[in-house]
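The residues making up each chain are set out below.
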Amino acid sequence: MSSDKVAEATGKQQESPTAMHRGGAPLHGGLIVAGVLAKQGVEEIFTLCGGHISPILVGCEELGIKVIGCRDERSAVFAADAAARLTGRCGVVVVTAGPGVTNALTALKNAQLAQSPVVLLGGATAMLLKGRGALQDIDQMSLVASAVKLRKRCTSVAAIAPTVERAMQVARKGVPGPVFVELPVDVLYAEDTVRKMMVGETGGGKDKSLGGRALANYIRYYLWKTFHRPFTWAAFRGADQRAINALSFQGASAALGRSKTLLRRAKRPMLVIGSQALTGLRDASALRKAVEALGVPTWLAGGARGLLGRNHDLQFRHARGKSIRQADLLVLCGVPFDFRLKYGLGGARGGSVVAANLSANELALNRRPDVALQMHPADFLVALAKDAPTNSSWNTWVDEIRARESARDQEIAATSKPAVSPVDAVHFFLRLEEQLPENAILVLDGGDFVGTAAYILRPRGPHAWLDPGVFGTLGVGGGFAVGASAVRKDAEVWLIYGDGSSAFSLAEIDTCVRHGFAPIIVVGTDASWEQIARDQTALLGAPTGTTLLRTAYEVVAKGYGGVGLEITEGAQVDRILEVARARSKEGKPVLINVQLGKSKFREGSISM
């Protein structure tokens, strides 16, 4: 990326919004946006093109920022979300006005609940035409209000750079989350283009009557406001300013001391680490060392999976609820008492709870901890591990948990049916677990099939597990795989789909082909929304609305330019997995359609 081009794009605009850049073309607002992104270290943006945002896309390409065009705005946001989680920096997505923004809303809300720093840049109709029936003109600011930390509309060219810079700051600060910047077409295109556009749309300049002259004068004033009015920070005063205030850490030292005392006295401590603990961390080695130094039995949730590698003596995956009921000290790091922990009613009632979380709301959700620290969970664990107390009495507790863990693993393995046709899901994942390389990134998108995967697959390291998060959104798969492939070119990306969820984003195979990404996509086909169907039939007597077809998803993949494979019996699994990995290394996305038999492995697993 040329540093002089970046400086030109962000600097000349301060001198004159009508300045020319290389080649003699006017310096347009899209190039200013691109210059800010480049200065912030953004290497790629995700998008679905539209006339309202074309200057941003062209500007990014000119400054060497990779423009990755997806097939759906939701996937573009999901891709930016995945990029943010895996790199520790902001993920940036650009969508066009109206339907572009509304299509992005579900993914935007998912990013908010997953606490992922995503910057959504949305196009909008020209300010002069707003509210007059222009194409795709809707109140976007109100629509996104509940899903973002900050929402701002740029009303002048001079406001572009500071607004986008502030958006990226807010997205990362405090509890990370998405922000929205609305960029009307008249601040993105060059002044001469906007003048011609407005004169053409309004007829200004042709009518010499008093009204016509008044309109022409107003257009001149409007152009001055848009292109020549200096920027002031007054636009950022008000309620939105509260979103960027620093969090308070008062009392952290005393709370940390009390946490160490409780840990020293504990006989049955346990540690639960959630996704937030890895938020913003490009290197998780200090966090891992802290957990190892503490020596406390540890459960990893969501994006924290993989922190301790594949097989670590302190890491446990099963019977978390039973351990919570028996523990005399529960340490929660980046995890609230929500449905995943039975709203705080699931145990440890006779013991103590220590919680560290960036969010004050999550710290107090449903049950108040005995010690609450509003700080980054990773910082807390590193501080807690310093001069960490050791307690040999934990050995018996750890052995008890390890015995339960081993028994559950053996129980799962015993349900495997290697030789059946169609394929047994447990058998498939047991075999995949043995073939996953050390650089694998796992993307999970689905219900029953994906739930089975979560019992068996073990990410090999940190930042190697991508699931929707607490919102439980179906459809993240294609976008997550695109985002992961874009920012982790050294990784082998595995996308695990249910056949129901696959239809949300299967078209992103086309995106992968166009951009040279080669994820391995597994579709578990049982012709059903099985997680819903199983309990719905048991409770209500009918599978209404849950039946699908055994669609040839491997043929769909071939149609998009990828490689399509099919597994119909257990004996084929190892060979087809080897073929898939080899074809992926050739640079093409691969889809494996796994024909599944019915299973009762996850009966009663529906969450509501």
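The rules behind each value
Residues numbered from 1 in each chain as written. Predicted model: local features only at pLDDT ≥ 70, side-chain atom pairs only at ≥ 80, totals over all residues. Heavy atoms only, no water. Pairing = 2+ DSSP bridges. Helix = DSSP H or I, 4+ residues; strand = E, 2+ residues; numbered from the N terminus. Phe/Tyr/Trp six-rings, centres within 6.5 Å; stacked < 30°, edge-to-face > 60°. Buried < 20%, exposed > 50% of the residue type's maximum accessible area, 1.4 Å probe, protein only. Lys NZ or Arg CZ within 6 Å of the ring centre and 35° of its normal. Core = buried A, V, L, I, M, F, W, Y, C linked by side-chain atoms within 4.5 Å. Contact = heavy atoms within 4.5 Å. Axes fitted to C-alpha atoms, helices over the stretch in contact; angles between N-to-C directions. Patch = residues over 30% accessible without salt bridge, like charges linked within 9 Å, V, L, I, M, F, W, Y side chains within 5 Å. Areas by Shrake-Rupley, 256 points an atom, 1.4 Å probe, with all protein chains shown as cover. Salt bridge = Lys/Arg side-chain N within 4 Å of Asp/Glu carboxyl O. pLDDT = per-residue confidence, 0-100. Right-handed = clockwise from strand over helix to strand, strands pointing away. Parallel < 35°, antiparallel > 145°, perpendicular 65-115°, else oblique. Left-handed = near helix turned anticlockwise from the far one by under 90°. Nonpolar A, V, L, I, M, F, W, Y, C, P; charged D, E, K, R; others polar.

**With respect to the sheet that holds strand E9 (residues 315–316)**
Backbone-to-backbone hydrogen bonds pair the strands of a sheet. The strands run either parallel or antiparallel. The six strands lie next to each other as E9-E8-E7-E10-E11-E12, forming an open sheet whose pairing is parallel. Each edge of the sheet is formed by a strand with only one pairing partner; in this case those strands are E9 and strand E12 (371–373). Here strand E11 (residues 352–356) runs beside E12; their pairing, made up of three bridges, is parallel. Each residue of the ladder has a partner; that of alanine 356, found in E12, is leucine 373.

**Focus on the packing of aromatic side chains**
Across all of its chains, the model carries five aromatic pairs by this definition. On the numbers, 5.6 Å between centres and 35° between planes, the contact of tryptophan 299 with phenylalanine 316 is tilted. Here tryptophan 299, found in strand E8 (residues 298–300), pairs with phenylalanine 316, found in strand E9; they are 17 residues apart in sequence, far enough to count as distant. On the basis of relative accessible area, phenylalanine 316 is assigned to the buried category, the value being 2%. Judged by centre distance (5.3 Å) and plane angle (75°), the ring pair of phenylalanine 428 and phenylalanine 429 falls under edge-to-face. By way of ring pairs, the aromatic residues Phe428, Phe429 and Phe449 are connected into one cluster. Note that arginine 305 overlies the ring of tryptophan 465, its terminal NZ or CZ placed 4.4 Å from the centroid.

**Quick look at the nonpolar core**
Counting 48 residues, the largest nonpolar core has Phe46, Val93, Leu120, Leu466, Val482 and Leu591 as the members making the most contacts within it. A per-element tally of this core places helix H4 (residues 73–87) first, with eight residues. With near-sequence residues (within four places) excluded, leucine 120 lies in contact with Val77, Val93, Val95, Ala104, Leu108, Val179, Phe180 and Val181. In terms of nonpolar packing, the next biggest core, distinct from the first, is built from 47 residues, Cys90, Ala126, Leu183 and Ile219 among them.

**Describing helix H19 (residues 477–487)**
Of all 11 residues that make up H19, 11 are buried, and the element is covered over most of its length. Every buried residue of H19 is listed here: Gly477, Gly478, Gly479, Phe480, Ala481, Val482, Gly483, Ala484, Ser485, Ala486 and Val487.

**A look at the sheet that holds strand E18 (residues 590–595)**
Overall, parallel pairing links the six strands, which are arranged E14-E13-E15-E16-E18-E17 in an open sheet. In this open sheet, the two strands that pair with only one neighbour each are strand E14 (465–466) and strand E17 (563–567). As paired elements, strand E16 (residues 520–525) and E18 share six bridges and run parallel to each other. By the bridge assignment for E18, glycine 524 is matched with valine 594. Relative to strand E15 (residues 492–498), helix H18 (residues 448–456) is tilted by about 135°, and along the sheet it contacts strand E13 (440–445), E14, E15 and E16.

**Re the pairing of E11**
When you tally the buried positions in E11, you get five out of five residues, the bulk of the element. Judged by which residues are buried, E11 turns out to be covered on both faces: Ser352, Val354 and Ala356 on one side and Val353 and Ala355 on the other are all buried. Bridge count for strand E10 (residues 329–333) against E11 is five bridges, and the pairing is parallel. Its bridge partner lying in E11, leucine 329 is registered against serine 352.

**So, a nonpolar patch on the surface**
The grouping of Tyr218, Tyr221 and Trp224 at the surface amounts to a nonpolar patch, some 340 Å² of accessible area in total. With respect to the helices and strands, the residue tryptophan 224 is situated in helix H10 (residues 210–227). With a relative accessible area of 42%, tryptophan 224 lands in the partly exposed category.

**Re the pattern of salt bridges**
For the structure shown, the criterion picks out 26 salt bridges. A salt bridge links arginine 488 to aspartate 490; the shortest N-O distance between them is 3.7 Å.

**Brief notes about the side chain of threonine 546**
Within the secondary structure, threonine 546 sits in the loop between helix H22 (530–540) and helix H23 (553–559). The class for threonine 546 is buried, based on a relative accessible area of 4%. Not counting residues within four places of it along the chain, the set of residues in contact with threonine 546 comprises Ala527, Ser528, Trp529, Ile532, Ala533 and Gln536.

**Some thoughts on the confidence of the model for the chain**
Summarising the model, the chain shows a mean pLDDT of 89, and 88% of its residues fall at 70 or more. Contacts from residues 13–18, a stretch scored under 50 in pLDDT, to residues over four places away or in other chains number 13 contacts. The low-confidence segment residues 236–250 (pLDDT under 50) makes 23 contacts with residues lying over four places distant or belonging to another chain.

**Comments concerning the pairing of strand E7 (residues 269–273)**
As a general feature of sheets, a regular strand has side chains that alternate between the two faces. Within E7, five of the five residues are buried, leaving the element largely enclosed by the surrounding structure. In the sheet, E7 pairs with E10 via five bridges, with the strands oriented parallel. Each residue of the ladder has a partner; that of valine 272, found in E10, is leucine 332. Across three bridges, E7 lies against E8 in parallel orientation. Along E8, the bridge assignment pairs valine 272 with tryptophan 299. Following the chain from E7 across helix H12 (residues 285–294) to the adjacent parallel E8, one finds a crossover that is right-handed.

**Digging into the packing of H12 against helix H15 (residues 377–385)**
Think of two packed helices as two axes; the pair is described by the angle between the axes and how far apart they sit. Taken N-terminus to C-terminus, the directions of H12 and H15 make an angle of 45°; their axes are 8 Å apart at the nearest point. Relative to H15, the element H12 is oriented oblique. In this structure, H12 meets H15 at a crossing whose hand is left-handed. Residues Ala286, Leu287, Ala290, Val291, Ala293 and Leu294 of H12 pack against Ala378, Leu381, Val382, Leu384 and Ala385 of H15. Tallied by class, the residues present in the contact of H12 with H15 amount to 11 nonpolar, no polar and no charged.

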